[in-house]
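# Overview (structure and organization)
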Amino acid sequence: MSAGYVAVGWSGRKKRYDAVLGVGVALYLAAFVGLGAWLFPEATAETLLIRAFGTAAFLLLHVVLAIGPLCRLDPRFLPLLYNRRHLGVLTFILGLAHGTFALIQFHAGGDANPFISLLTSNGRWNSLADFPFQQLGAAALGILFLMAATSHDFWLANLSPRVWKTLHMGVYLAYALLVMHVALGALQDERSPWLAGSLGLGIATILGLHLAAAVREKRRDRPLAGPSLDGFLDVGAVAEIPEKRAKVVVLGAERVAIFRYDGKISALSNVCRHQNGPLGEGKIVDGCITCPWHGYQYLPDSGSSPPPFQEKVETYRVAVRDGRVLVHPQALPPGTRVEPARIADSAAPDGAEDASEFFIGWQEPLPPRLGRRIRAVAAAGVVLALGVGLLLAAAQKPFAPAVFEYGRPRFFTGRLQASPIPILWVSPPDRHPDVASAGYALAAPAKHGAAGLAAPWAGRAVRLRGTLIRRAGRGMIEVEPGSIEPWRGSAPPLPAGQRLGPATVDGVIADSKCWLGAMSPGEGKIHRDCAVRCLSGGLPPLLLGAGPEGKNFWLTGPGGRAIGARILDRVAEPVRLRGEVVRFDDQLVFEVESDAVVRREPGR
């Protein structure tokens, strides 16, 4: 508790709590990335980090949502509730890392601002299969940011507990958005029963805990009925109330906590002014009712916090007659002092003080038995999280054998073909043994095509510096701008284009640079937004042929003109194209007829 607002301070217990969280998260990230890199060496580090941070944040959000109902079902979980805001802020930080890496990987380096790209790259809101799932994740992250930014008690007091609580109930909306983000994104690409089962188990756990807690609370909320005596209602026997503890009853629509202490009875609202905690589940410590959630305190006879604190709750008039406790159902204004009812005037026996351990967040140390339980729960949680991380890492869909020799640029020589797509026909000494074709497509850095770099050197023998990208016998060079220069050595001739006639082909449209290895995986719905930016930036599109013998085609418009803008709304989905095939040695170019790109429905 604090009478003013000061910088957040960490007690010894909070430091240990945060240390366990930090170590657990670090172990999770290391386990996920380490196992992922070992099982799938073709995966890029960025992809593994995106998935590690995303799964860690989603897993922690499940823990955040489970703590509340667990505490309603078993008060021994209350030490976790006391520091739940730390866990929530850490969840946001992990989600922010996931979102930042994803924004950079899929949207940065293109022809649009990354944030504009995030909102506009996929506008297919009317399609469940192609629904823009990334915007759902961004909306959830925005909600988590608001919650993290307002987690300090300064905002709780200045927004008012009601507004603050309403704002922080947005965590359930964030959770729903993230469930849809995963279901409409990763699960549509991965289609792993382990991933789907993990998501289903998480949803069932959260729903089950909340339903169980709701049922228990519902049973408690049976309002008292029966005749009143001078306006007072009989709420039970004095002997039913343990010493320095309370019995909670419902009068009208309000919960009232009736405390027994030092031969007296007092009644006050059950709702703590801090975060609506259940005062009736607290205990009288040092003469004050102490809330079990965060340790806020109130004097039992007035409902006021001891000076200099200013929180106040409603009080109720009480009486004791013949060993029975009577309470007037009309609440008095917050902070109104009411003379306690004396038990000594009745025939009720003395009550024994409840000897069960009681947690107070700001006290050190934890009660012994409770401390052992919490340490066991923390250890089990870390082990469980590691197991989930390893399972999710191993359950990833195998990555394609694609390679981007990032950080290892070298020189290539050959003859440059500028259209219909930029290709360097590489001289034999510079050909890579894993690339069967002599034609290496060209790309500029980031999400940009190399047409502008290649045009001045069309048909000429050149030397250039760049980084090799390769997959399935195909090669591409990411050219360093300004590195192209004349080459006076030998260079292969440009192949003549052979028109093979009209055709109709089926396949999936992808951006060539990422599919060949600049990003892994470089295809599918998850990669769709990145592909849109790459194609908008001038990178030549590829049609990945359907069927076991499907061929891959470079895509252009009629006469070899650029086609990128016409196919953006069909990226990463099955399509059927009409046009003409043109062969350049072993490179196939498909010149798509105008308005001849249609979605191919399953089974057609």
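Right, let's walk through the structure included here. (Residues numbered from 1 in each chain as written. Predicted model: local features only at pLDDT ≥ 70, side-chain atom pairs only at ≥ 80, totals over all residues. Heavy atoms only, no water.)

Summing up its helical and strand segments, the chain has 15 helices and 24 strands in all. Rg of the C-alpha trace for the chain: 33 Å, well past the compact-globule value of 25 Å for 604 residues, more than 25% over. In terms of its C-alpha atoms, the chain occupies a principal-axis envelope of roughly 110 × 45 × 40 Å. Taken over 604 residues, the chain has a buried fraction of 50%. When contacts within the chain are restricted to residue pairs at least 6 apart in sequence, those whose partners lie at least 24 apart make up 68%. (Helix = DSSP H or I, 4+ residues; strand = E, 2+ residues; numbered from the N terminus. Rg over C-alpha atoms; globule rule 2.2 N^0.38 Å. Buried < 20%, exposed > 50% of the residue type's maximum accessible area, 1.4 Å probe, protein only. Contact = heavy atoms within 4.5 Å.)

To continue, consider the side chain of R124. Considering the arrangement of structural elements, one finds R124 in the loop between α5 (114–120) and α6 (133–149). Within polar-contact distance, the side chain of R124 engages the side chain of E573 at 2.3 Å. If sequence neighbours within four positions are ignored, R124 has contacts with D130, F131, P132, R528, D569, R570 and E573. (Polar contact = N/O pair within 3.5 Å; in protein donor to acceptor, adjacent residues only side chain to side chain.)

Moving on to unusual backbone geometry. Working note: non-glycine residues mostly have negative phi, and peptide bonds are mostly trans. Cis geometry marks the peptide bond from P307 to P308, where omega comes out at 5°. In this fold, P308 is placed in the loop between β7 (297–298) and β8 (315–316). Across the junction of S419 and P420, the peptide omega takes the value 5°, indicating a cis bond. As for its placement among the helices and strands, P420 is situated in the loop between β13 (410–417) and β14 (423–426). The phi angle at D262 is positive, at roughly 50°, despite the residue not being glycine. The residue D262 is located in the loop between β3 (254–261) and β4 (264–269) in this model. Despite not being glycine, A572 has its phi angle at roughly 65°, a positive value.

Our next topic: the pairing of strand β22 (residues 553–556). In β22, alternate side chains face the same way, and those of F553 and L555 on one face and W554 and T556 on the other are all buried. Sheet analysis places strand β21 (residues 541–545) next to β22, joined by 2 bridges and oriented antiparallel. Of the residues in β22, the one forming a bridge with L542 is W554. (Pairing = 2+ DSSP bridges.)

It is worth spelling out the pattern of salt bridges at this point. A full pass over the atoms with the stated rule returns 25 salt bridges. Of the charged contacts, one joins R255 and E217 as a salt bridge, the two residues approaching to 2.9 Å between their closest N and O atoms. Pair noted here: R255 is in strand β3 and E217 is in helix α11 (residues 193–220), with a separation of 38 residues, a long-range link. The closest approach of N and O atoms between E591 and R499, which form a salt bridge, is 3.2 Å. (Salt bridge = Lys/Arg side-chain N within 4 Å of Asp/Glu carboxyl O.)

The interhelical angle for the contact between α6 and helix α9 (residues 170–183), taken along N-to-C directions, is 155°, at an axis separation of 8 Å. Considered as vectors, α6 and α9 are oriented roughly antiparallel to each other. The handedness of the crossing between α6 and α9 comes out as left-handed. Side by side, α6 and α9 meet where F133, Q134, L136, G137, A139, A140, I143, L144 and M147 of the first sit next to G170, V171, L173, A174, L177, L178, M180 and H181 of the second. Grouping the amino acids of the contact of α6 with α9 by side-chain chemistry returns 13 nonpolar, 4 polar and no charged. (Axes fitted to C-alpha atoms, helices over the stretch in contact; angles between N-to-C directions. Parallel < 35°, antiparallel > 145°, perpendicular 65-115°, else oblique. Left-handed = near helix turned anticlockwise from the far one by under 90°. Nonpolar A, V, L, I, M, F, W, Y, C, P; charged D, E, K, R; others polar.)

Our next topic: the sheet that holds strand β9 (residues 318–321). Read across the open sheet, the 3 strands follow the order β1-β10-β9; overall the sheet is antiparallel. Whereas interior strands pair on both sides, the edge strands pair on one side only; in this sheet they are β1 (233–237) and β9. Within the sheet, the average angular offset between the axes of one strand and its neighbour, ignoring direction, is 30°. Here β1 runs beside strand β10 (residues 324–327); their pairing, made up of 4 bridges, is antiparallel. Residue pairing across strands places A237 opposite R324, the latter belonging to β10.

A word on the nonpolar core. One recurring pattern in soluble globular proteins: nonpolar side chains tend to sit buried together. Residues L94, F259 and L279 are the most contacted members of the largest nonpolar core, which totals 97 residues. For this core, the element with the most residues is helix α2 (residues 45–73), which contributes 13 residues. In this view, L94 contacts V25, F53, A56, A57 and L60; residues no more than four positions away in its chain are not counted. (Core = buried A, V, L, I, M, F, W, Y, C linked by side-chain atoms within 4.5 Å.)

So, about the pairing of β10. Where β9 meets β10, 4 bridges bridge the pair, whose relative direction is antiparallel. The partner of V318 across the bridge, within β10, is V327. With antiparallel pairing between neighbouring strands as the criterion, β9 and β10 make up a hairpin whose turn holds 2 residues, including D322 at a positive phi of roughly 55°.

As a further point, take the packing of α9 against α11. Helix-helix packing is described using two parameters, namely the angle between the two axes and the distance between the axes. At a minimum axis separation of 11 Å, α9 and α11 run at an interaxial angle of 160°. With respect to α11, the element α9 is oriented roughly antiparallel. Crossing of α9 against α11: the hand is left-handed. Between α9, through Y172, Y175, V179, V182 and A183, and α11, the contact on the second element is made entirely by L199, G202, I203, I206 and H210. Looking at side-chain class alone, the contact of α9 with α11 contains 8 nonpolar, 2 polar and no charged residues.

Under the counting rule described, the total for this entry stands at 10 aromatic pairs. Both rings, one in F40 and one in F399, keep their centres 5.5 Å apart while their planes meet at 55°; by these two values the pair is tilted. Of this pair, F40 sits in the loop between α1 (12–39) and α2 while F399 is found in the loop between α12 (368–394) and β12 (402–404), placing the two residues 359 residues apart along the sequence. We note that F40, like F399, is buried. Lying across the ring of F77, R373 places its NZ or CZ 4.9 Å from the centre. Its guanidinium or amino end placed over the ring of F411, R463 lies 4.0 Å from that ring's centre, counting from NZ or CZ. (Phe/Tyr/Trp six-rings, centres within 6.5 Å; stacked < 30°, edge-to-face > 60°. Lys NZ or Arg CZ within 6 Å of the ring centre and 35° of its normal.)

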